[in-house]
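For reference, the chains in residue letters:
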Amino acid sequence: MNRYLLAAYAATWIIHIAYLSTLVSRYTKLKREIDELKKS
Amino acid sequence: MKLAFPILGVLTAILLSYALYMALVVAPTEQTMGDVQRIFYYHVPSAWTAFILFTINFVASIVYLVRRKPAADIVALVSAEVGVVFCTIVLVTGPIWARPVWGIWWTWDMRLTSTLVLWLIYVSYLVLRRFSASGETPVLAAALAIFGALCVPFVYFSIWFFRTQHPQPVMGGGGSIDPRMLHVLLINWLAFSCFAFLVCWSRYRLEKVQRDVEQAHAMASLGQSSRSTR
């Protein structure tokens, strides 16, 4: 496989996965806050 | 309704895998550029998806300015955020494609520069939304979004009106494409559009819950302060 082609496809999915990871971490943080609110 | 999201998620994953297979295996190899031309099947659909998301941001911003509905504000925020992700991919895959084909990573021609400016406008939109605590932030952001959206047709038509290093459009504007390549391109676009829709959907739900939690925090602190004054 052409290395530029591989780099472009890999970069696309790295960017998408990085963004999805930020969403997951925001969701985890939010879930913790909801639990704390329920306790209080 | 609860099952709709996982079902759509699985279907989108299948579609993305099929689109990848079509791009790498089924699409014919371009005669002059060779295999590196297959970057086209990720670069162009990402650009089109970003343009659509910025257009949604534009419409939602106008709706927010007219009706002040929080849902329109959330749609505007979400579409800008996901649009920036897709626009980042365009700005990353473009130079990777340009290097072996043009011999350079970047050139300050009209299409490339206007795309970078578009990206910077929407990044500043997100920075404004993230760091401004003013109650008027959604209104200011909506105004900025309208300005940003004016750049979208400029970016798209820049290769029609200016002599640029960037190739002519593949559809309309004098460009032409092999029907088999067009078929693969449209499948990839469909796959990325479905993916973008799903990401927007999750981000919308996340933002809505986040606002509810902020409201609950505010109510809780109001309750505490009223108890302490009694």
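What counts and what doesn't
Residues numbered from 1 in each chain as written. Chains lettered and ligands numbered in written order. Predicted model: local features only at pLDDT ≥ 70, side-chain atom pairs only at ≥ 80, totals over all residues. Helix = DSSP H or I, 4+ residues; strand = E, 2+ residues; numbered from the N terminus. Buried ≥ 20, exposed ≤ 12 C-beta atoms within 10 Å, placed from the backbone. Core = buried A, V, L, I, M, F, W, Y, C linked by C-beta atoms within 7 Å. Contact = placed C-beta atoms within 7 Å. Axes fitted to C-alpha atoms, helices over the stretch in contact; angles between N-to-C directions. Parallel < 35°, antiparallel > 145°, perpendicular 65-115°, else oblique. Left-handed = near helix turned anticlockwise from the far one by under 90°. Nonpolar A, V, L, I, M, F, W, Y, C, P; charged D, E, K, R; others polar. pLDDT = per-residue confidence, 0-100. Expected span 1.5 Å × (residues − 1). Bend = angle between axes of the 7 residues up to and from the residue.

Chemist: I tried to follow the overall build of chain A on my own but got confused; where do I start?
Modeler: Helix and strand counts for chain A come out as one helix and zero strands. Reported as C-alpha extents along the three principal axes, the dimensions of chain A are approximately 55 × 10 × 5 Å.

Chemist: Would you mind showing me how to read the overall build of chain B here?
Modeler: Along its length, chain B carries six helices and zero strands. The proportion of buried residues among the 230 residues of chain B is 33%.

Chemist: I would appreciate a short explanation of the nonpolar core in the present structure.
Modeler: In summary, soluble globular proteins display a tendency toward joint burial of nonpolar side chains. The biggest cluster of nonpolar side chains holds 56 residues, and the ones touching the most others in it are A76, F86 and Y122 of chain B. Elements that contribute at least two residues to this core include exactly α1 (3–39) of chain A together with α1 (4–26), α2 (40–67), α3 (70–102), α4 (110–131), α5 (137–161) and α6 (179–229) of chain B. The greatest single-element share of this core, amounting to 16 residues, is contributed by α3 of chain B. Setting aside chain neighbours within four positions, we find A76 of chain B in contact with N57, A60, S61, Y64, A142 and A145 of chain B.

Chemist: Just checking my understanding: could you explain the packing of α4 of chain B against α5 of chain B for this structure?
Modeler: Think of two packed helices as two axes; the pair is described by the angle between the axes and how far apart they sit. All names here are of chain B. Where α4 contacts α5, the two axes come as close as 9 Å, and the packing angle between them is 170°. One finds that α4 runs roughly antiparallel with respect to α5. As α4 packs across α5, the resulting crossing turns out to be left-handed. Each of M110, R111, S114, T115, V117, L118, I121, Y122, Y125, L128 and R129 in α4 lies in contact with α5, whose residues at this interface are T137, L140, A141, L144, A145, G148, C151, V152, F154, V155, S158 and I159. In terms of residue class, the contact of α4 with α5 is made up of 16 nonpolar, five polar and two charged.

Chemist: Just to check I follow, could you spell out the interface of chain A and chain B for this structure?
Modeler: Many authors give the size of an interface as the accessible area that is lost as the parts come together. With 19 residues of chain A in contact, the opposing surface of chain B contributes 23 residues. Partitioning the side of chain A that touches chain B into residue classes produces 13 nonpolar, four polar and two charged.

Chemist: Help me out: how do you make sense of the confidence of the model for chain B in this one?
Modeler: Interpreting fine coordinate detail is not advised for predicted regions of low pLDDT. Scored by pLDDT, chain B has a mean of 91; 95% of the residues are at 70 or more. Interface confidence for the predicted complex, expressed as ipTM, amounts to 0.94; the pTM equals 0.92.

Chemist: I tried to follow the environment of L53 of chain B on my own but got confused; where do I start?
Modeler: Residue and element names in this part refer to chain B. Residue position: L53 is located in helix α2. Judged by C-beta crowding, with 27 C-beta atoms within 10 Å, L53 ranks as buried. For L53 and Q31, which are 22 residues apart along the polypeptide, the C-alpha to C-alpha distance reads 33 Å. Not counting the four nearest positions on each side in its chain, L53 is found in contact with S79, V82, G83, F86 and A196.

Chemist: I would appreciate a short explanation of the packing of α1 of chain A against α3 of chain B in the present structure.
Modeler: α3 of chain B packs onto α1 of chain A with a crossing angle of 165° between their chain directions and a minimal axis gap of 9 Å. Overall, the two elements α1 of chain A and α3 of chain B adopt an arrangement that is roughly antiparallel. Both α1 of chain A and α3 of chain B take part in a crossing whose hand is right-handed. Mapping the contact onto sequence places Y4, A7, A8, A11, T12, I15, H16 and Y19 of chain A in α1 of chain A and V85, T88, I89, V92, T93, I96, W97, R99 and P100 of chain B in α3 of chain B.

Chemist: Explanation requested: α5 of chain B in the structure shown.
Modeler: In an α-helix there are 3.6 residues to a turn, and that puts residues three or four apart on one side. Residue and element names in this part refer to chain B. With 25 residues, α5 should reach 36 Å at 1.5 Å per residue; the first-to-last C-alpha distance of 36 Å fits that figure. Along its length, α5 shows its largest kink, about 30°, at V155. Residues of α5 that are buried: P138, A141, A142, A145, G148, A149, V152, V155 and I159. The elements touched by buried residues of α5 are α2, α3 and α4.

Chemist: Please clarify how α4 of chain B should be interpreted in this entry.
Modeler: Residues and elements named next belong to chain B. The end-to-end C-alpha separation of α4 is 31 Å, in line with the 32 Å expected for 22 residues at 1.5 Å each. Those residues of α4 that fall on the buried side of the exposure criterion are R111, L112, S114, T115, L118, W119, I121, Y122 and Y125. Where α4 is buried, its residues touch α2, α3 and α5.

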